Number of protein chains: 2
Amino acid sequence: MRAILIVADGVGDRLIPELGNGEIGRTPLEATETPSLDEIARRGINGLVDVIRPGIIPGSDTAHLSLFGYNAFKTYTGRGALEALGVGLQVKKGDVAFRCNLATVENGVIIDRRAGRISDEGAELIQALKGIRSDISPDTRIIVKHTVEHRCAMILRGPDISPKVFSTDPKKKGEPIARSIPLEETKSAYKTSMILNELSEDFQRILEVHPVNAKRRAQGLLPANCILFRGGGTVPDVVPLPELYNCSCAFIAPSSLVAGVSIAVGMKPIEVSGATGTYDTDHRAKATHALAALEENEFVFVHFKPSDSASHDGNLAMKQKMIRKVDELVRIILDANLPDLHIAVCADHCTPLSIREHVADPVPLAIMGSQVRTDDVKVYDERSAAKGALQGLRGHDIMPILMNFIGRQKMFGA
Amino acid sequence: MRAILIVADGVGDRLIPELGNGEIGRTPLEATETPSLDEIARRGINGLVDVIRPGIIPGSDTAHLSLFGYNAFKTYTGRGALEALGVGLQVKKGDVAFRCNLATVENGVIIDRRAGRISDEGAELIQALKGIRSDISPDTRIIVKHTVEHRCAMILRGPDISPKVFSTDPKKKGEPIARSIPLEETKSAYKTSMILNELSEDFQRILEVHPVNAKRRAQGLLPANCILFRGGGTVPDVVPLPELYNCSCAFIAPSSLVAGVSIAVGMKPIEVSGATGTYDTDHRAKATHALAALEENEFVFVHFKPSDSASHDGNLAMKQKMIRKVDELVRIILDANLPDLHIAVCADHCTPLSIREHVADPVPLAIMGSQVRTDDVKVYDERSAAKGALQGLRGHDIMPILMNFIGRQKMFGA
């Protein structure tokens, strides 16, 4: 038996009065026609799930750690390593990874945290940092990789490196580059801070005189003459899913952070051309690739990002459009009629259009498949899910439940 | 946005056959008209909440620690310090506080644990103990304060003081005053026991010859000639609510124990004249003061005690009367129509009239407000709440959920 978990990012919402239908309001999920999602609900079991814990607002990373079955409080170690994994860097146990921004500094003060939203030229600049070494710690390897726009990732590898440091990003412009300081009284935290401060200065020296920046200045553009380090972290120390459940796991997730979590828990990435994570993402290609992946993997995870983007943008029409895209994606999975496929659909958190940020409200979950005892819920939305048979669940319960259905759980006890 | 939490003490109950209405019985909440509470339920979300954990009977102190969002198992350190805080003593970190009784002793044996329910004269007696010092431990400060009737509180302050001691209250008359013994093999527990035994004797010596007691004897009253120490504890080591949620918090709670818990978690007391905690408490004054407090505080907690007293008294008519008082209190809050106010109503535990003691049955919770996705529950009572959208909650989930609604939660992760 096989299972697919489809996560519609941020799709959960609150009551919107103008969607009211004579009532106090409806949520976008309630107000949008979703025949395929409703079919999952009708043929399955449903529930409202607290992704982390009631009242706790999930980030994208902690949410997915939880949805993959892990205790986020115990396993989450910061965004840096997850994002680095997600952009294709090999982050090993013991490595400390940072998210980085190419930024513009003038007389030590940050003018723009994104260096005028520099694009492809970023790669060329980062190339110049390759092979750099720390004088303070010659045995530390420094790996820097450009990802998109102003973004890059950095790994520190070697003995006595710690993620317990304040990073160098002052978080807003007009402030000087921060000096990293240790967050705990350990030799490794102290050493890591020293290295970060050294690299911060070294990178500035190299970037300042780089021809790309000379060209940018000539064009009246902001130079990308420094790198800000953020969110240092290590890879979560987890037993990977394939080992936990003795099954092969793959994922489709263009968003680098979610991809990073997926890699960290041992899933194999599946590239889907046209799956962009943006509004124009090719959801049909995602579905057909997921179906193909289900031929070789017992578990496939599909992440759908743009429902969250529409929510952050406060764009109701776009959110409803993205909900319909999710519904079409689900339709393709349903129509494939794979025997003994179990399909789970949920969100990683709610992002209400009125708030435009993540909130802690629980998310609707529906699971259908041959092994599922159904309930009376007929449609897929927040308030209907609350009446389903799955009660009091946390995000980390979903994977064990799915693995139970497809016969991949081991007995505890004898 | 703002939130108010109204706790109707002990209001939850069990099925009472004579309230049956042709059925197997009804609870007092089910059998009493509560239009205002029902409005909260109808416009909100509902659930049955296990205040501590399923099957665990909450005390008033542990219940409120949990309702304020803390793990009572980890943070509860005894009633003494909470009660001392509640009567206005400044209990500092490291202090060990005791609840005390003025009692009557004759030839070393307790004749009356409440010294004939001594009243105002207690204050004069306690005054005589002011400035007393321990010979065993001259660096220990001893602070004693009279509260009401035979009750007082004592703080031991100084190095190496421990709450891990048996106190001196034998719990019933006819027994000798107990000798405090250490509950763990530490220097500080041993020392604290020695001090308690010393003070027990010193206090007797002073009180025995006090003019108040001479007068009482002349009037044929029992002298208050000793002090029994009970329930030693330290202040709970918690991050206060205002720091956790970056918001201002106030409370209305005439009961000293609940007031103590409220102070321990960083809430500011609001005095309401006429709010007595007894059957004649001025519930309307509580409501209007709560509304005033909501102008300056993001969170206000209102405690309503006499529903519990009626339950302990086994008085059905009085319990129903107190339920109607709570309903009127809620009506005043509702009618104020404060925009974006989120209102939560629950109990701290159930006190069935048939049992006249706290039980572990879960309590009904209703939360209404602009950010709340409603459910189908139409009335506020135990069995209706069970059908609501809030499933599997513990008491400590309520605050995070409320803070999520009013935008005071921080995201966990990125």
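Reading guide: rules and limits
Residues numbered from 1 in each chain as written. Chains lettered and ligands numbered in written order. Predicted model: local features only at pLDDT ≥ 70, side-chain atom pairs only at ≥ 80, totals over all residues. Heavy atoms only, no water. Salt bridge = Lys/Arg side-chain N within 4 Å of Asp/Glu carboxyl O. Helix = DSSP H or I, 4+ residues; strand = E, 2+ residues; numbered from the N terminus. Buried < 20%, exposed > 50% of the residue type's maximum accessible area, 1.4 Å probe, protein only. Contact = heavy atoms within 4.5 Å. Buried area = accessible area lost by both parts, 1.4 Å probe. Polar contact = N/O pair within 3.5 Å; in protein donor to acceptor, adjacent residues only side chain to side chain. Nonpolar A, V, L, I, M, F, W, Y, C, P; charged D, E, K, R; others polar. Pairing = 2+ DSSP bridges. Axes fitted to C-alpha atoms, helices over the stretch in contact; angles between N-to-C directions. Patch = residues over 30% accessible without salt bridge, like charges linked within 9 Å, V, L, I, M, F, W, Y side chains within 5 Å. Areas by Shrake-Rupley, 256 points an atom, 1.4 Å probe, with all protein chains shown as cover. pLDDT = per-residue confidence, 0-100. Phe/Tyr/Trp six-rings, centres within 6.5 Å; stacked < 30°, edge-to-face > 60°. Left-handed = near helix turned anticlockwise from the far one by under 90°. Least-squares fit on C-alpha atoms with pLDDT ≥ 70 in both.

Caption draft 1: Representation of the pattern of salt bridges within the structure. Residues and elements named next belong to chain A. On inspection of all chains with the given rule, the structure shows 48 salt bridges over all chains. Across the salt bridge formed by D169 and R113, the nearest N and O atoms sit 2.7 Å from each other. With D169 in the loop between β7 (151–157) and α7 (187–208) and R113 in the loop between β5 (109–112) and α6 (121–127), the pair connects residues that are 56 residues apart, well separated along the chain. The same class applies to D169 and to R113, which are both buried. With its nearest N and O atoms 3.8 Å apart, the salt bridge here joins E149 to R117. Residue E149 is located in the loop between β6 (141–146) and β7, and its partner R117 is located in the loop between β5 and α6; the two are separated by 32 residues in the primary sequence.

Caption draft 2: Seen up close, the interface of chain A and chain B. Opposite the 35 residues of chain A that make contact, chain B presents 19 residues. For the chain A and chain B pair, buried surface summed over both sides reaches about 2,100 Å², with 56% attributable to carbon and sulfur atoms. Counting the surface chain A buries against chain B, the share from its top three residues, A:R14, A:P54 and A:I57, is 26%. Applying the counting criterion to the chain A and chain B interface returns 1 salt bridge. One salt bridge in this structure joins B:D376 and A:K387, with 2.9 Å as the shortest N-O distance. At the surface where chain A touches chain B, the tally comes to 13 residue pairs in polar contact (both at pLDDT 80 or more). Those elements that place two or more of their residues in the side of chain A that touches chain B are β3 (57–58), α3 (60–67), α4 (72–75), α14 (382–385) and β14 (390–394) of chain A. Taken together, the residues of the side of chain A that touches chain B sort by class into 18 nonpolar, 9 polar and 8 charged. Pairing of β3(A) with strand β13 (residues 411–412) of chain B, which is carried by 2 bridges, proceeds in the parallel orientation. If you follow A:I57 over to β13(B), its bridge partner there is B:M411.

Caption draft 3: The sheet that holds strand β10 (residues 299–304) of chain B, seen in detail. All names here are of chain B. Strand order in the open sheet formed by 7 strands is β2-β12-β11-β1-β10-β8-β9, with mixed pairing between adjacent strands. In this open sheet, the two edge strands, each paired with only one partner strand, are β2 (44–49) and β9 (268–269). For strand β11 (residues 341–346) and strand β12 (residues 363–368), the ladder comprises 3 bridges, and the chain directions are antiparallel. Counted as the bridge partner of V345 is A366 from β12. Against the sheet, helix α11 (residues 283–293) touches β1 (2–8), β8 (249–252) and β10, its axis set at about 170° to β10.

Caption draft 4: Here's a closer look at the side chain of A:D38. Position of A:D38 among the secondary structure elements: in helix α2 (residues 35–43). Here A:Y380 takes part through its backbone nitrogen, which lies 2.9 Å from a polar atom of the side chain of A:D38.

Caption draft 5: Spotlight on a nonpolar patch on the surface. Residue and element names in this part refer to chain A. Residues I136, Y190 and M194 make up a contiguous nonpolar surface patch of about 290 Å² in total accessible area. Relative to the helices and strands, I136 resides in the loop between α6 and β6. Judged by relative accessible area, I136 falls into the partly exposed class, the value being 41%.

Caption draft 6: Geometry of the confidence of the model for chain A. Mean pLDDT over chain A works out to 95, with 100% of the residues at or above the 70 mark. Reported for the predicted complex are a pTM of 0.92 and an ipTM of 0.90.

Caption draft 7: View of the sheet that holds strand β2 (residues 44–50) of chain A. All names here are of chain A. Strands sit in the order β10-β9-β11-β1-β12-β13-β2-β14 across an open sheet of 8 strands; the sheet is mixed. In this open sheet, the two strands that pair with only one neighbour each are β10 (268–269) and β14. One ladder, built from 6 bridges, connects strand β1 (residues 2–8) with strand β12 (residues 341–346); its direction is parallel. Note on β12: the bridge partner recorded for I4 is I343. Along the sheet face, helix α11 (residues 283–293) touches β1, β9 (249–252) and β11 (299–304) and points at about 170° away from the line of β11.

Caption draft 8: Spatial organisation of the packing of aromatic side chains. Here the structure, examined in full by the defined rule, presents 8 aromatic pairs over all chains. When the centroid spacing of 4.9 Å and the interplanar angle of 80° are considered together, the rings of A:F68 and A:F301 count as edge-to-face. On the criterion of sequence distance, the pair formed by A:F68 in the loop between α3 and α4 and A:F301 in strand β11 is long-range, its members being 233 residues apart. Across this residue pair, the class does not change: A:F68 and A:F301 are buried. For the ring pair A:Y76 and B:F412, a centre distance of 5.7 Å and an interplane angle of 80° mean the geometry is edge-to-face. Pair noted here: A:Y76 is in the loop between α4 and α5 (79–86) and B:F412 is in strand β13, and the two residues belong to different chains. What links up through ring pairs into an aromatic cluster is the set A:F73, A:Y76 and B:F412.

Caption draft 9: Inspection of the packing of α3(A) against helix α10 (residues 256–264) of chain A at higher detail. All names here are of chain A. The contact between α3 and α10 brings their axes to 9 Å, and the two run at 35°. The handedness of the crossing between α3 and α10 comes out as right-handed. When α3 is examined against α10, the residues S60, D61, H64 and L65 are found in contact with a partner set consisting of L257, V258 and V261.

Caption draft 10: Structural view of the relation of the copies chain A and chain B. Each copy of the sequence occupies a distinct position, and chain A is placed on chain B by a rotation of 120° and an axial shift of 0.4 Å, giving an RMSD of 0.1 Å. In symmetry terms, the pair is related by a three-fold rotation axis. Among all residues of chain A, the one whose C-alpha sits closest to the rotation axis is A:G392, at a distance of 2.6 Å. Each copy contacts the other with its own distinct surface, as only 3% of the interface residues of chain A are interface residues in chain B too.

Caption draft 11: Highlighting the pairing of strand β8 (residues 226–233) of chain A. All names here are of chain A. Burial analysis of β8 places 7 of its 8 residues in the buried class, the great majority of the element. With 6 bridges connecting them, strand β4 (residues 96–106) and β8 associate as antiparallel partners. The residue bridging R99 from the neighbouring strand is R230, located in β8.

Caption draft 12: Region of interest: α3(A). In terms of burial, α3(A) is largely enclosed, as 8 of its 8 residues are buried. For α3(A), the set of buried residues is A:S60, A:D61, A:T62, A:A63, A:H64, A:L65, A:S66 and A:L67.

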